[in-house]
Amino acid sequence: MTSSPAVPMFSTIQKWGSFVRFSHTVFALPFALAAMLVAARSNRGWPGWRVFGLILAAMVCARTCAMAFNRIVDRKFDALNPRTKNRHLPSGQISLASAILLCIISGTGLIGASWLLNPLCFYLSPVALAMVCFYSLTKRFTDYTHVFLGIALALAPIGAWLAVRGTQVSGTEIIQMTLLASAVILWLVGFDIIYALQDYEFDKSHGLRSLVVAWGPKNALGAAFLAHVVMCGLLLAFGLLCQFHLAYLVGWLIILGCLVLEHWIARRRGLNWINVAFFRLNALVGMVFLMVVAAEVIFQGGFRLR
């Protein structure tokens, strides 16, 4: 009995999706889509299928390029780390040449999607591309690698906003974008510190830098908690400036609860619980934020349901 041609195709797609951690798109994408909705409020919250599709394409390409680059430059460390030695490049599941090709194609895709969006996005796309890839090198020379990753992630909502508004962005919108981007940076700093706890001993012994290595797990967790406290303040300020109401406040309280639970898990549970705190709770944070922003836009004049 022969297997269906769809089976190896599905297996290949699954392998490449796992290679670039496609599932982790749930971190940046909700904030990008929320920014898109707010930027398009004057047009019922919808920028059109063309802009929407190009935003998605740019997001996927940017993230794929960044993750492929990360796996390429970190492949030797991944091979030495017991937690990561079975990743695709160290284990030989994917060749180095294929990974490099994917990185080039996805980077080109980002620039192409930006060119189709508007001139501002096109001119800024090489800067964005350099930033999302640069993070992977920072753990070699700075303890603040989490901040660089946060900046890379924060480019998603800024890019989506500029994709809708281009050079027509107003001063108020710039403040809104800055608040949202700053909140995303601090959100990432907080949960990336928690994630880095898993590699504390390995990073320390191999000269890789992070706030966990520099300050120790206990102090780094304190910094992560402070980052999330400030993040919640910025999200509240963003909602107030956008003139959001009850739905956003409810969502903000849910996000606050998720972050409190995340820190409780990081402090009270073993490292085997880190992935729960890292993926599930932070994915929920992003999805809740998107849903409440969408609700506010819809019922405050965005889509004008009638």
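Criteria and thresholds
Residues numbered from 1 in each chain as written. Predicted model: local features only at pLDDT ≥ 70, side-chain atom pairs only at ≥ 80, totals over all residues. Heavy atoms only, no water. Core = buried A, V, L, I, M, F, W, Y, C linked by side-chain atoms within 4.5 Å. Buried < 20%, exposed > 50% of the residue type's maximum accessible area, 1.4 Å probe, protein only. Helix = DSSP H or I, 4+ residues; strand = E, 2+ residues; numbered from the N terminus. Contact = heavy atoms within 4.5 Å. Patch = residues over 30% accessible without salt bridge, like charges linked within 9 Å, V, L, I, M, F, W, Y side chains within 5 Å. Areas by Shrake-Rupley, 256 points an atom, 1.4 Å probe, with all protein chains shown as cover. Salt bridge = Lys/Arg side-chain N within 4 Å of Asp/Glu carboxyl O. Phe/Tyr/Trp six-rings, centres within 6.5 Å; stacked < 30°, edge-to-face > 60°. Axes fitted to C-alpha atoms, helices over the stretch in contact; angles between N-to-C directions. Parallel < 35°, antiparallel > 145°, perpendicular 65-115°, else oblique. Left-handed = near helix turned anticlockwise from the far one by under 90°. Nonpolar A, V, L, I, M, F, W, Y, C, P; charged D, E, K, R; others polar.

A word on the nonpolar core
Of all hydrophobic cores here, the largest spans 76 residues; its most connected members are Trp187, Leu235, Phe238 and Phe289. If you tally residues by element for this core, the top one is helix 3 (residues 49–73), at 12 residues. Excluding its chain neighbours within four sequence positions, the residues that come into contact with Phe289 are Phe31, Ala34, Leu180, Leu235, Phe238, Tyr248 and Ile255. Counting 13 residues, the second largest nonpolar core, distinct from the first, contains Tyr200, Val212, Leu221 and Ala266.

With respect to a nonpolar patch on the surface
Taken together, Leu236, Leu240, Leu246, Leu249, Val250, Leu253, Ile254, Leu256 and Val260 make up a surface patch of nonpolar side chains, about 780 Å² in accessible area. For the nonpolar patch, the elements supplying multiple residues, two or more each, are helix 12 (217–241) and helix 13 (246–268). By residue number, the principal contributor to the nonpolar patch is helix 13, which donates 7 residues. One can find Leu249 in helix 13. The class of Leu249 is partly exposed, set by a relative accessible area of 39%.

A few points about the packing of aromatic side chains
All told, the structure shown has 14 aromatic pairs when counted by the stated rule. Look at Trp49 and Phe52: their rings are 5.9 Å apart centre to centre, the planes differ by 80 degrees, and that puts the pair in the edge-to-face class. Highlighted residues: Trp49 and Phe52, both in helix 3, separated by 3 residues, approximately one helical turn.

Observations concerning the packing of helix 3 against helix 6 (residues 96–117)
The contact between helix 3 and helix 6 brings their axes to 8 Å, and the two run at 150 degrees. As summarised for this structure, helix 3 and helix 6 are arranged roughly antiparallel, according to the angle between their axes. Handedness of the helix 3/helix 6 crossing: left-handed. Where helix 3 approaches helix 6, its residues Arg50, Val51, Leu54, Ala57, Ala58, Cys61, Ala62, Thr64, Cys65, Ala68, Phe69 and Ile72 are matched on the opposing element by Leu96, Ala99, Ile100, Leu102, Cys103, Ser106, Gly107, Gly109, Leu110, Ala113, Leu116 and Leu117. When grouped by side-chain class, the residues that make up the contact of helix 3 with helix 6 number 19 nonpolar, 4 polar and 1 charged.

Describing the pattern of salt bridges
With the rule as written, the count across this model stands at 6 salt bridges. Where Arg87 meets Asp78, a salt bridge forms, and the shortest distance between an N and an O atom there is 3.2 Å. Judged by its relative accessible area of 16%, Arg87 is buried. Among the residues examined, Asp78 registers a relative accessible area of 7% and is labelled buried. Residue Arg165 pairs with Glu173 through a salt bridge whose shortest N-O separation is 3.0 Å.

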